[in-house]
Each structure stands twice: as C-alpha cells, then as structure tokens.
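# Geometric and topological summary
Each chain, written out:
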Amino acid sequence: MFRFESLLSRYFGIFMKVGLINIEPKIFNPAYMKISTYHKAKGHEVSWYSPLFDKDYDRIYCSSLFSFTDKSQIPKRAICGGTGFYPNVNVLPPEIESCSLDYSLYPKLDYSMIWFTKGCIRKCSFCLVNKCYKTITEQEWGKYIVENPKFTHIKIMDDNFFASPYWKDHLSYLQVLGQPVDFQGVDVRLLNEQMCRGLLTLKHHKRIKIAWDNPSDDIIPKIKFMLNYIKAYKIMCYVLIGYNSTYAEDLDRVLTIQSLGVSPFVMQYDRHNRYQKDFARWVNMKATFKKCTFSEYLLGKGKKNVRIK
Ligand code: SF4
C-alpha cells in the first residue's frame with residue numbers, strides 16, 4: 001500500500017514509521033523504551049512490528065537480552081542489539097541512550113526503572129556486562145525520577161550498585177523518593193557495615209538478592225556478616241549452576257545457603273541441559289526443596305536411571 005508519510009520520510013526525513021520487534025514478550029525492555037522516546041520526539045510513529053506490514057516500516061529495531069531466543073525470523077534490515085546478539089551486542093548510540101523511558105510502550109509495567117551506574121568492577125567470565133561496558137560508569141540518574149505514573153516500586157537496574165564510589169549519594173536519592181525498591185542484585189562481597197545499614201533504611205519490594213555464582217568464592221563469611229544486620233528471610237541468593245561447577249558443588253551451595261536461613265534460587269547456565277533443569281526445579285519449588293532430597297525428587301518424577309553429574 002502506498003503511504004504518503006513513508007515517502008516523506010524516505011526523501012525528506014520528515015516522517016518515519018518505526019517497528020519494534022517484540023521478540024521477548026515477557027520482558028520489559030528499556031532499550032525499546034528509549035528508542036521509542038527518541039523517535040517520538042522526532043515526530044515519528046512507533047509501534048510493535050508486525051511481519052504482515054513489513055514493507056510499511058521505514059526502520060525496524062530488534063533488541064534481545066537472551067542468546068537462546070530464536071532469531072531466525074528477524075528481517076535482515078532490522079537494526080539489532082542487546083546481549084542476546086552476543087558477540088554483536090551493539091549498545092545504543094549516545095543520542096538514544098540519553099533518552100528517558102517511554103512507559104506507554106508497556107501498559108502492564110507497574111514499576112519505575114533507574115540506573116545510577118552501568119557496568120561492573122568484576123569480570124565474571126559467564127557475564128556479558130563487561131562486553132557491553134568496559135568499566136563502571138555513572139549515569140544521569142536524576143532524569144529517571146518516577147517517570148511511570150503507575151509504579152508500585154522502583155527497580156534499581158545497576159549491575160553492581162555498591163561498586164560505585166558514589167553509592168551513598170545514590171542511596172540518599174532512593175531514601176528521598178521513599179518508594180519500595182527492588183535491586184537487581186547486591187554484591188555481597190563488597191558489603192560493609194555502612195552499606196548494610198544503608199540497605200535497612202530502604203523499603204524493599206522483595207527479598208534483597210545476592211549471588212554465589214562461583215563455587216570457589218569464599219562467600220560464606222560475607223553472607224554471615226550481612227546476617228548481622230539483615231534478617232535471613234529478607235535475603236535470596238542466586239546460585240549459578242552448570243558453569244564450571246559440579247553436582248557436589250551445586251548441592252553444597254544450595255544446602256549451605258539454606259542452612260543459614262537464606263533462600264537459594266538456582267539459575268541454569270544452559271537452559272536445555274536436563275540435569276540443570278531438574279536441579280533448578282527442585283530447589284526453586286521451595287516446598288519440594290524443603291521436603292525431599294534431589295534423588296527423591298527425581299525418583300518421584302519417575303526418573304529412575306538419572307545420572308547425576
Ligand atoms: S558481579 Fe555480576 S554484574 Fe558484575 S561481572 Fe559478575 S555477574 Fe556480571
């Protein structure tokens with residue numbers, strides 16, 4: 001179908017129809033929210049991409065967070081980026097990165113997002129953060145102030161909140177906002193008394209999330225230190241399995257965390273691996289984890305000859 005606006009866009013740069021491929025529909029993708037703000041500010045029309053109207057779009061974007069997402073149907077002319085396209089992660093150009101978030105893109109999103117920093121001081125080999133950001137960098141966080149009218153809490157999107165030398169300023173800002181907060185994760189290895197006390201001054205939307213990804217990290221003294229200030233039931237600990245870890249190490253970590261009263265949550269490195277899937281289900285279904293051993297869980301599911309490795 002002939003579109004006059006599309007013609008204007010192509011020849012005079014006046015109007016543009018932008019399509020965003022909703023390749024991971026369960027995810028609220030902030031990259032899309034910034035792309036949308038950027039184009040709408042220029043008077044362009046932004047909508048979710050439909051292959052039926054492929055020819056109508058002047059520009060198509062595809063942003064993915066996960067490498068396992070099927071990308072076979074993405075049109076060749078789409079501009080792609082995000083960790084899901086590793087090694088071609090293509091971070092947003094500065095003129096889009098600096099835009100605010102267009103919350104109207106996701107009517108079901110009920111929280112605000114804020115970044116005080118991006119990047120991390122650590123170099124965990126399984127993590128793509130360092131492939132996107134070479135070091136930890138301060139963001140223009142003032143612009144993120146409660147942009148979402150329907151928010152019930154604020155998600156702190158920082159990769160490593162306490163790694164910033166300005167964490168006290170960031171914390172003060174959250175105290176002023178006064179909304180419940182949800183940290184993506186807190187690096188328990190960095191925590192000192194001031195940081196723990198700082199965490200206690202905030203309302204937390206859910207449990208505070210820490211991680212024990214590498215079995216050889218001596219993390220238990222740090223968790224015990226944290227427990228001097230924050231009650232165990234308020235903490236959840238991610239446990240990455242299947243990345244340089246054995247079954248014995250996986251089991252040891254989840255049981256140790258449980259013995260401290262903290263709730264373990266298993267993350268699979270390979271979502272197609274049978275053992276990792278079973279182990280994650282066993283631990284993450286809290287009642288099952290409390291009730292039976294992993295072997296009992298497998299037998300209960302009729303998996304009599306399962307090789308645990
Ligand atoms: S500490 Fe977390 S964010 Fe930082 S590199 Fe490791 S996994 Fe990534």
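Residues numbered from 1 in each chain as written. Predicted model: local features only at pLDDT ≥ 70, side-chain atom pairs only at ≥ 80, totals over all residues. Heavy atoms only, no water.

### Observations concerning the overall build of the protein chain
The condition that has to hold: By the criteria applied, helices consist of DSSP H or I runs no shorter than four residues and strands consist of E runs no shorter than two, each listed in order from the N terminus. Note on exposure labels: buried denotes an accessible area under 20% of the residue type's maximum, exposed denotes more than 50%, and partly exposed covers the range between, all computed with a 1.4 Å probe on protein chains only. Throughout, a residue-residue contact means that at least one pair of heavy atoms, one from each residue, lies within 4.5 Å. To measure how exposed things are, a 1.4 Å probe is used in the Shrake-Rupley method; for residues, cover is taken only from the protein chains shown. Here Asp and Glu are counted as negative and Lys and Arg as positive; His is not counted, and neither are the chain ends. For this purpose, a charge sits on NZ of Lys, CZ of Arg, CG of Asp or CD of Glu.
Scanning the protein chain from terminus to terminus reveals 11 helices and 12 strands. Counting only C-alpha atoms, the protein chain reaches 65 × 50 × 35 Å along its principal axes. Looking at the protein chain as a whole, 47% of its 309 residues qualify as buried. A separation of at least 24 residues holds for 68% of the contacts in the protein chain among residues at least 6 apart in sequence. Split by element, the accessible area of the protein chain, about 16,500 Å² in all, is 56% carbon and sulfur. For the protein chain, the separation between the mean place of its 45 positive charges and that of its 29 negative charges on side chains is 5 Å.

### Considerations on the site of the ligand
Note the threshold: Being near a molecule or strand, for a residue, means having at least one of its heavy atoms within 4 Å of it. Residue classes follow a fixed rule: Ala, Val, Leu, Ile, Met, Phe, Trp, Tyr, Cys and Pro count as nonpolar, while Asp, Glu, Lys and Arg count as charged, and any other residue, Gly among them, counts as polar.
Contacts to the ligand come from Cys 120, Arg 122, Cys 124, Phe 126, Cys 127, Asn 130, Asp 159 and Arg 189. Grouping the amino acids of the shell around the ligand by side-chain chemistry returns four nonpolar, one polar and three charged.

### Side note on the state of the cysteines
Note the following rule: In this description, a disulfide is simply a cysteine sulfur pair whose atoms lie within 2.5 Å.
Tallied over the full model, the rule gives zero disulfides. Cys 132 provides the cysteine sulfur closest to Cys 99, a residue in no disulfide bond, and the two sulfurs are 19 Å apart. Since its relative accessible area comes to 12%, Cys 99 is described here as buried. In this model Cys 196 remains outside any disulfide bridge; the closest cysteine sulfur is found in Cys 237, 14 Å from its own. A residue is classified by how much of its surface remains accessible, and Cys 196, at 0% relative accessible area, is buried.

### Observations regarding the environment of Ile 210
Relative to the elements of secondary structure, Ile 210 occurs in strand S10 (residues 208-211). Note on Ile 210: relative accessible area 1%, which makes it buried. Spatially, the C-alpha atoms of Ile 210 and Lys 168 are 19 Å apart, while their sequence positions differ by 42 residues. Non-local contacts of Ile 210, meaning those with residues more than four positions away in its chain, are made with Val 186, Val 188, Ile 223, Met 226, Ile 235, Met 236, Cys 237 and Tyr 238.

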